[in-house]
Amino acid sequence: MLFLLLIVPLTTSLLFWTVRESVRTINIINATGSAILFAVSLLNLKVVLEQGKITSDFFGGIFYIDSLNGLILFATTLVSLLISIYSIGYMNEEYKRSLVNIARLRLYYCLLHLFIFTMILTTITQNIGVMWISIEATTLASAFLVGFYNNRKSIEAAWKYIIICSVGIAFALLGVILLYYSSVISLGQTVQGLNWQFLNDNAGSLHSSILKIAFLFILIGFGTKVGLAPMHTWLPDAHSQAPSPVSALLSGVLLNTAMYGIIRIMTIVNKNMGNSQFTGSLMIILGLVSIGAAAVFILVQQDFKRTLAYSSIEHMGIIALGIGISSALSIFAALFHIINHSLTKSMLFAASGNVYLKYDTKKISKIQGILKVMPVTGTVFLLGIFAITGMPPFSIFTSELGITISAFKEGKYLAVGFLLAFLVLIFAGFSSQMLRMFFGKPHKDHGIGEMNRITPVVLLILLAIITVTGIYLPSFLEKLIKSAGDIILLVH
Amino acid sequence: MDKLAPLLNIFSVGILISTFSLVASKRIMSYIKAFRIQSLILAAVAAIFSIYYLVEENRLEGIFIIFLLTVVFKVIYIPSMLKRISVRVEYKVEKDFFINIPISIIICCGLVILTWYVVSKIPELNNGYNGSFMVQSVSVILIGLFFMISRKKAIGQIIGFLVLENGTFLTAILLTSGMPMIVEFGIFFDLLTAVLIMGIFVFRINETFEHIDLNKLRNLRG
């Protein structure tokens, strides 16, 4: 069951090369592949909920699922399913306009599923070395997706993406080497030397000072991939230049998987030190810097996809802050925020893709009257903007409220003051820049109506999920988040 | 293993010196040559380890395969690929750096001293030769990073990245005598693919911009 999670996306991505001419077959392979993947991940989650964890003996037990990565896996496969269905609508439109030919379409879907494969590999491994390898592989699989349109801007974005992320992650490799070194000198050379379970069980006997340096390097390295400021510079470029479905995956899924890597290593360091002061204060500072940097850039942004990209930096900052505060409530809220952000942001990127296809521009000033031109996309986009800035009744409101309350409870008044001030600025930025796109009359006649029937359906499903989870949290999700929180808090 | 430490120390100093010679060179062809020599020394370090395991413990470790991979890819394939790319995309020799060479060298010395200072503060890292291994290999990483930010052209950045990763491999080999096999292979192939993809992007940048001067890639800001 565990291995199907890897086999399904890999086979799907290879199957596209058997197709010669038919766009229809490509779409069918794409949709079935991601639907099967989602089903498999649900089956695995069921086992995790019943038994606590799934392990295998493969290569000293490198694959391992417990509720922490089960949660990330759930978000990954759910968003991948919805976005690959959205991709059908989006790419068919580009194909119709002959922006892409059949060979490019095949390449796109192949890389898309390869990208999903690498993200799932990151999620289900417990070997920190393999985790590093797969996070680097996510960069490699998505570099061509970022530069997919092959124009000046997208090539520049792809070059920045691959260089900045590879260099950042090279620092994480140094951190992984130091982690392994501390495991070798304290526990001897074993095959399991980099396994999270092994390190976490023996955390007490590792050297604190080496572990601290290792965590610093890993935080910088994986933090580059998470998009924490000041290592975030690749993120707005890559997110704005990639095709919209890819932006949705980059923002909604990729950032979480890298964040998951940081969280895993943080638990080892916390257990070793006996408290979360060292890791917590680093996470809080990086989180606040990211939220602040995002707030400043959102206020002056001219391009709506870049605004959404900066908002991803903001939300990753909020998650880092919640994890850094390290109380039961804040960790629950931060983990819940991971899911909320990935669904809300992928919805927004999907909506922005529809707008881009219709208006053929990403400049906010050139777009007017979305509500009139595309009623469904416009409504979802507008509500999505309220959702992402933390308005009730959407789920992001709930999790941000949880983080704010827990920060007050833990006495982090300075942090919470900054957080609230930045959130106000971000709301101001979003409403002053983005809201004018929705009203008024369009400059040109774009034709009234949605492009196709698939994309609005995906948008409505996502909107329904984030509205419902804002009010009512399904019990399986609650149980999953709670036990994931216990893993971070080291309650066994 | 302790008997080998002085010998390994000489080799790792050699890698550090080759990194300095890289920073001191002006032309792309001489960077490639310096990188090739550096990889050769790295391969020698891996060879020493695999011979040691073969003679003393009579087993063939994964590090032997790392030695082969280093020779095939980093000494032979990647340098000649970079040479081909640079012949195809940039025929003119022009000034490629933001910071001139004497100042670069001084900055690199500063980086070595900084690393030495930080490592000397951590007592756990200072048993035997490990402290000096750590200083040398981490300095190589930092100098590689500095090289990347001080060069304007895409190939300069790729070389900087390769130096940086040579530094991390050196750290892994010297400190832990090789990571678990599957991890070591994964890392090697990841980095190889990264360099190949970067090479492809150099061609694309060259086609779309008619130059590979990254200083002029300034469409995306803010």
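What this report covers is the structure whose coordinates are included nearby. Throughout this description, residue numbers start from 1 for each chain and increase along the sequence as written. Written order determines the labels here, with chains lettered from A and ligands numbered from 1. Only residues with pLDDT of 70 or above have their local features reported here, since the model is predicted, and side-chain atom pairs are shown and tallied only from 80 upward, although totals for entire chains, interfaces and linings are computed over all residues. As a rule here, side-chain values cover all heavy atoms of the structure and leave hydrogens and water aside.

Attention shifts here to the layout of surface pockets. In this structure, the largest pocket occupies an estimated 890 Å³ of space. Note on definitions: the grid is 1 Å and covers protein atoms alone; a cavity is a set of points where a 1.4 Å probe fits but cannot get out; a pocket is an open set with protein on both sides within 12 Å along at least five of seven lines; lining residues have an atom within 4 Å of a point. Lining of the largest pocket is provided by 32 residues; of these, A:Lys160, A:Ile163, A:Ile164, A:Thr233 and B:Ile149 occupy positions nearest its centre. Each helix is a run of DSSP H or I of at least 4 residues and each strand a run of E of at least 2, with the numbering of both proceeding from the N terminus. Elements with a contribution of two residues or more to the lining of the largest pocket: α6 (152-187), α8 (208-226), α9 (234-241) and α12 (304-325) of chain A together with α5 (130-150) of chain B. It is α6(A) that contributes the most residues to the lining of the largest pocket, 8 residues altogether. Considering only residue class, the lining of the largest pocket consists of 17 nonpolar, 7 polar and 8 charged. Grid points are joined across faces, edges and corners, and a volume is the space filled by probe spheres set on the points. One number sums up the size of the second largest pocket: a volume of about 440 Å³. Along the wall of the second largest pocket there are 22 residues; nearest its centre are A:Lys153, A:Gln241, A:Asp303, A:Lys362 and A:Lys363. Counting residues per element, the ones that place at least two in the lining of the second largest pocket are α6, α9 and α12 of chain A. When residues are grouped by polarity, Ala, Val, Leu, Ile, Met, Phe, Trp, Tyr, Cys and Pro land in nonpolar, Asp, Glu, Lys and Arg in charged, and all others, Gly among them, in polar. Its residues placed into classes, the lining of the second largest pocket shows 5 nonpolar, 9 polar and 8 charged.

The extent of an interface is frequently quoted as the accessible surface area lost upon association of the parts. Contacts are assigned to residue pairs with any non-hydrogen atoms lying within 4.5 Å of each other. Across the contact, 48 residues belong to chain A and 49 residues belong to chain B. Accessible area that two parts lose when put together, with a 1.4 Å probe and added across both, is what the buried area reports. Between chain A and chain B, the buried area comes to about 4300 Å², and carbon and sulfur atoms account for 77% of it. Looking only at chain A, the three residues that lose the most surface to chain B are A:Glu156, A:Trp159 and A:Tyr181, adding up to 17% of its buried area. What qualifies as a polar contact is a pair of N or O atoms within 3.5 Å, subject to a donor-acceptor requirement within protein and to the restriction that residues adjacent in sequence count only when both atoms come from side chains. Applying the counting criterion to the chain A and chain B interface returns 4 residue pairs in polar contact (both at pLDDT 80 or more). For the side of chain A that touches chain B, the elements supplying multiple residues, two or more each, are α5 (128-146), α6, α8, α9 and α12 of chain A. Sort the elements by how many residues they give to the side of chain A that touches chain B and α6(A) lands first, with 21 residues.

Residues and elements named next belong to chain A. Structurally, Ile465 can be placed in helix α18 (residues 454-471). Each residue is placed in one exposure class: buried if its accessible area under a 1.4 Å probe, protein chains only, is under 20% of its type's maximum, exposed if it is over 50%, and partly exposed if it falls in between. The class for Ile465 is partly exposed, based on a relative accessible area of 24%. If we ignore the near neighbours within four places in the chain, the residues touching Ile465 are Leu78 and Leu343.

Below, the discussion takes up a positive patch on the surface. All names here are of chain A. The grouping of Lys153, Lys363, Lys366 and Lys444 at the surface amounts to a positive patch. Within the fold, Lys366 resides in the loop between α13 (328-359) and α14 (370-373). By relative accessible area, which is 51% here, Lys366 ends up exposed. Here a patch means residues that are over 30% exposed by relative accessible area and free of salt bridges, tied together within 9 Å if like-charged and within 5 Å if nonpolar (Val, Leu, Ile, Met, Phe, Trp, Tyr). All accessible areas in this document rest on Shrake-Rupley with a 1.4 Å probe, and a residue is counted as covered only by the protein chains that are shown. One speaks of a salt bridge when a side-chain nitrogen belonging to Lys or Arg is within 4 Å of a carboxyl oxygen belonging to Asp or Glu. Here Asp and Glu are counted as negative and Lys and Arg as positive; His is not counted, and neither are the chain ends. By convention, the charge on Lys lies at NZ, on Arg at CZ, on Asp at CG and on Glu at CD.

Right, let's talk about the nonpolar core for a bit. Among the nonpolar cores identified, the biggest contains 269 residues, and A:Trp132, A:Trp159, A:Phe381 and B:Ile159 are the most heavily contacted of them. At 22 residues, α6(A) tops the list of elements feeding residues into this core. Other than its neighbours up to four places away in sequence, B:Ile159 contacts B:Leu22, B:Tyr31, B:Ile32, B:Phe35, B:Leu82 and B:Phe147. Put simply, a nonpolar core is a bunch of buried Ala, Val, Leu, Ile, Met, Phe, Trp, Tyr and Cys residues held in one set by side-chain atoms that sit within 4.5 Å of each other.

An α-helical turn contains 3.6 residues, so a residue and the one three or four places further along point in the same direction. Residue and element names in this part refer to chain A. Helix span is expected to be 1.5 Å times the residue number reduced by one. With 22 residues, α12 should reach 32 Å at 1.5 Å per residue; the first-to-last C-alpha distance of 32 Å fits that figure. The buried fraction of α12 is high, at 22 of 22 residues. Put simply, Asp303 is the residue that caps the front of α12, since its side-chain oxygen is 2.9 Å from the backbone nitrogen of Lys305. Immediately beyond the C-terminal end of α12, within one or two residues, lies Ser326, with a positive phi of roughly 60°.

Right, let's get into the packing of helix α3 (residues 67-96) of chain A against helix α19 (residues 475-489) of chain A. Each pair of packed helices gets described by two things: the angle between the helix axes and the distance between those axes. Residues and elements named next belong to chain A. The axes used here are C-alpha line fits, helices contributing only the stretch in contact, and every angle between their N-to-C directions lies in the interval 0 to 180 degrees. As a packed pair, α3 and α19 sit with axes 7 Å apart at the nearest point and diverge in direction by 135°. Between α3 and α19, the interaxial angle falls into the category oblique. The handedness of the crossing between α3 and α19 is left-handed. Contacts from Ser67, Leu68, Gly70, Leu71 and Phe74 in α3 reach Phe476, Leu477, Leu480, Ile481, Ser483, Ala484, Ile487 and Ile488 in α19. A per-class count over the contact of α3 with α19 returns 10 nonpolar, 3 polar and no charged. For this classification, under 35 degrees means roughly parallel, over 145 means roughly antiparallel, 65 to 115 means roughly perpendicular, and everything else is oblique. Crossing handedness: left-handed means the near helix sits turned counterclockwise from the far one by under a right angle, and right-handed means the same turn made clockwise.

Pairs can form between side chains of opposite charge whenever their charged atoms are close. Residue and element names in this part refer to chain A. If you walk through the whole model with that rule in mind, you get 8 salt bridges over all chains. Its salt-bridge partner being Lys46, residue Glu50 comes within 3.8 Å of it at the nearest N-O pair. One end of the pair, Glu50, and the other, Lys46, are both in helix α2 (residues 23-51), 4 residues apart, so they sit about a helical turn from each other. What makes Glu50 exposed here is its relative accessible area of 56%. The closest approach of N and O atoms between Lys160 and Asp237, which form a salt bridge, is 2.7 Å. Here Lys160 is found in helix α6, whereas its partner Asp237 is found in helix α9, with 77 residues between them in sequence. Taking the relative accessible area as the measure of exposure, Asp237 reaches 2% and is therefore buried. Each of Glu93, Lys96 and Arg97 takes part in salt bridges that share partners, so that together they form one network.

The next subject is a nonpolar patch on the surface. A cluster of nonpolar side chains, A:Met1, A:Phe3, A:Leu4, A:Ile7, A:Leu43, A:Phe58 and A:Phe59, forms an exposed patch at the surface whose accessible area comes to about 650 Å². With respect to the secondary-structure elements, A:Leu4 resides in helix α1 (residues 4-15).

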